[in-house]
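This is what each chain is made of:
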Amino acid sequence: MSNTPMPMNDAHDSITVLQLSDIHLFESAEQDLLGLNTYQSLETVLEKIQQQHPTPDLFLLTGDLAQDKSLGAYHLLYHKLSPLSSPIYWIPGNHDDPAAMLKVLNQDPFDKSRSFRQGNWQFILLDSSVPNQVPGILSDHELNRLEQELTATAPAPTVVALHHPPHSISSDWLDPLCLQNREDLWAVLDPHPQVKLVLCGHIHQDFCYERQGVQYLSTPSTCVQFTPRSHSFALDERHPGYRVLQLEKSGQFKTWIERVPVKPTMDLAAQGY
């Protein structure tokens, strides 16, 4: 894996995926999260995407698309992203309301599918959100579905996505808020060598973890960032961003982070996470 962009020899042998996460929109476009207007920061991210990657094969939104679980937040998201020509797949995070998401994000270009094929790659999207809780858990239903999908689609190279990281990120305050039954997930994933990537959000930072040849990657938030490896809640001065993935027909891939020049006013007294 490379964390720097590199050209492909043949565009027809690769697909481009843009991962956006932790957008945290409110019902009103005027509201801030921790000193940053999340609607405006999303606009800035989308402007860069239009300049750098105007026609990806798909967008993948990995949760916490809203901050306040409101229908209005998802309508704002639909308004901003619906002009995009690429399909948009999504999963909920701990701040989301899955029922409200289904009411709004169920028409083109949004796609509520939890398993799909793009090019030579299989994508399996998991819901790790638990109502009224910040940490994540994968239910028996989700784990069984994952096992069934992996068995049915082998040996296609596979991307698995969920909101909560299924590993330690060396952060005393964030680690307890990640996936609580990570061993259950690993028990399903480990026997399936076609799994190449596990993508997540939640932690508002770029993080890479490798297990048995599988790359586990988180992506920055499109709004505020959390300081890596921090003992207690801390905001990072790094800019908002998104992840680019170029997935080759062979099962190899390249990935990197793009950031945009937006900084919040550090409002540590208003965590609201």
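Residues numbered from 1 in each chain as written. Predicted model: local features only at pLDDT ≥ 70, side-chain atom pairs only at ≥ 80, totals over all residues. Heavy atoms only, no water.

Note the cut-off: UniProt positions are given in the numbering used here, feature names are shortened, and annotations may be inferred rather than shown by experiment.
Under the annotation held in an unreviewed UniProt entry, the protein chain carries the name 3',5'-cyclic-AMP phosphodiesterase and is attributed to Lyngbya confervoides BDU141951. The record held by UniProt for the protein chain lists under Sequence similarities (unreviewed entry) the comment "Belongs to the cyclic nucleotide phosphodiesterase class-III family."

**Focus on the pairing of strand E8 (residues 121–125)**
As a reminder, the rule being used: Partly exposed residues are those whose accessible area sits between 20% and 50% of the maximum for their type, while under 20% is buried and over 50% is exposed, using a 1.4 Å probe and protein chains only. Secondary structure is summarised from DSSP: a helix means a run of H or I of at least four residues, a strand means a run of E of at least two, and numbering begins at the N terminus for each. Following DSSP output, two strands are said to pair if at least two bridges run between them. Crossovers are described as right-handed under a simple rule: with the strands pointing away from the observer, the path leading from the first strand over the helix to the second runs clockwise.
With five of five residues buried, E8 lies mostly within the body of the structure. Side chains of E8 alternate between two faces, with Trp121, Phe123 and Leu125 and Gln122 and Ile124 buried alike. Sheet topology places strand E7 (residues 115–118) next to E8; four bridges connect them, and they run antiparallel. Counterpart to Ser115 in the pairing with E8 is Ile124. A loop of two residues connects E7 with E8, the two strands running antiparallel in sequence, and Gly119 in this loop sits at a positive phi of about 60°. Examined bridge by bridge, E8 and strand E9 (residues 158–161) share four bridges and lie parallel to one another. Residue Gln122 lies in a different strand from E9, and its bridge partner there is Thr158. In this fold, the crossover linking E8 to E9 by way of helix H4 (residues 140–153) has right-handed handedness.

**Examining the confidence of the model for the protein chain**
Formally: The predictor attaches a confidence to each residue, and that confidence, scored 0 to 100, is pLDDT. By the convention used here, residues are in contact when the closest approach between their heavy atoms is within 4.5 Å.
In the predicted model, the protein chain carries a mean pLDDT of 92, and the fraction of residues at 70 or more is 92%. Across residues 1–11, confidence stays below pLDDT 50; counting only partners more than four residues off in sequence or on other chains, it has 20 contacts. Throughout residues 268–273 the model reports pLDDT below 50, and contacts reaching past four residues in sequence, or to other chains, amount to 17 contacts.

**Here we look at the sheet that holds strand E12 (residues 214–218)**
Filter applied, for reference: Comment: axis = line fitted to C-alpha atoms, over the contacting stretch for helices; angle = value between 0 and 180 degrees taken between N-to-C directions.
Here we have six strands laid out as an open sheet, ordered E7-E8-E9-E10-E12-E11, and mixed in their pairing. Of all the strands in the sheet, the pair left with one neighbour each is E7 and strand E11 (207–211). Each strand axis lies, on average, 20° off the axis of its neighbour in the sheet, ignoring direction. Sheet topology note: the strand E10 (residues 195–200)/E12 ladder contains four bridges and is parallel. Residue pairing across strands places Val198 opposite Tyr216, the latter belonging to E12.

**Digging into the UniProt feature "domain: Calcineurin-like phosphoesterase" (unreviewed entry) in the protein chain**
Summarizing the sequence annotation, UniProt attributes the feature "domain: Calcineurin-like phosphoesterase" (unreviewed entry) to residues 16–205 in the numbering used throughout. Structurally, residues 16–205 comprises 29% helix and 21% strand, and the distance from its first C-alpha atom to its last is 21 Å.

**Describing the packing of aromatic side chains**
Rules: What counts as a ring pair is set by centres within 6.5 Å for rings of Phe, Tyr and Trp (its six-membered ring), and what kind of pair is set by the plane angle: stacked under 30 degrees, edge-to-face over 60, tilted for all other angles. Think of it as a cone above the ring: NZ of Lys or CZ of Arg counts as a charge over the ring if it is within 6 Å of the ring centre and within 35 degrees of the ring normal.
According to the stated counting rule, one finds seven aromatic pairs in the structure shown. Centre to centre, the rings of Trp173 and Phe226 are 5.2 Å apart; their planes meet at 70°, and the pair counts as edge-to-face. With Trp173 in the loop between E9 and helix H5 (182–189) and Phe226 in strand E13 (residues 225–226), the pair connects residues that are 53 residues apart, well separated along the chain. For the residue pair Trp173 and Phe226, the accessibility class agrees, reading buried in each case. Among the aromatic residues, ring-to-ring pairing joins Tyr89, Phe116 and Phe123 into one connected group. Lying across the ring of Trp90, Arg114 places its NZ or CZ 4.5 Å from the centre. The ring of Trp186 carries the charged tip of Arg211 above its face, separated from the ring centre by 4.1 Å.

**Some words on the pairing of E10**
Of all the six residues making up E10, five are buried; the element is thus mostly covered by neighbouring parts of the structure. In this region the chain leaves E9, passes through H5 and returns to the parallel neighbour E10; the handedness of that crossover is right-handed.

**Brief notes about the side chain of Gln194**
Along the polypeptide, Gln194 turns up in the loop between H5 and E10. Not counting residues within four places of it along the chain, the set of residues in contact with Gln194 comprises Leu150, Ala154, Pro155, Ala156, Pro157 and Thr158.

**Concerning H5**
In plain terms, the rule: By arc we mean the arc of the directions from the helix axis to the C-beta atoms, nothing more.
Taken residue by residue, H5 has Arg182, Leu185, Trp186, Val188 and Leu189 as its buried positions. Projection of H5 onto a plane perpendicular to its axis shows the buried side chains occupying an angular sector of 160°, all on one side. Pointing more than 90 degrees away from the buried face of H5 are the exposed residues Glu183 and Ala187. Contact partners of the buried residues in H5: H4, E9, E10, E11 and E12.

**Things to note about the environment of Ala187**
Turning to its location among the elements, Ala187 is positioned in helix H5. Ala187 gets classed as exposed once you look at its relative accessible area, which sits at 54%. Put simply, Ala187 and Ser86 are 101 residues apart on the chain and 34 Å apart in space, counted from C-alpha to C-alpha.

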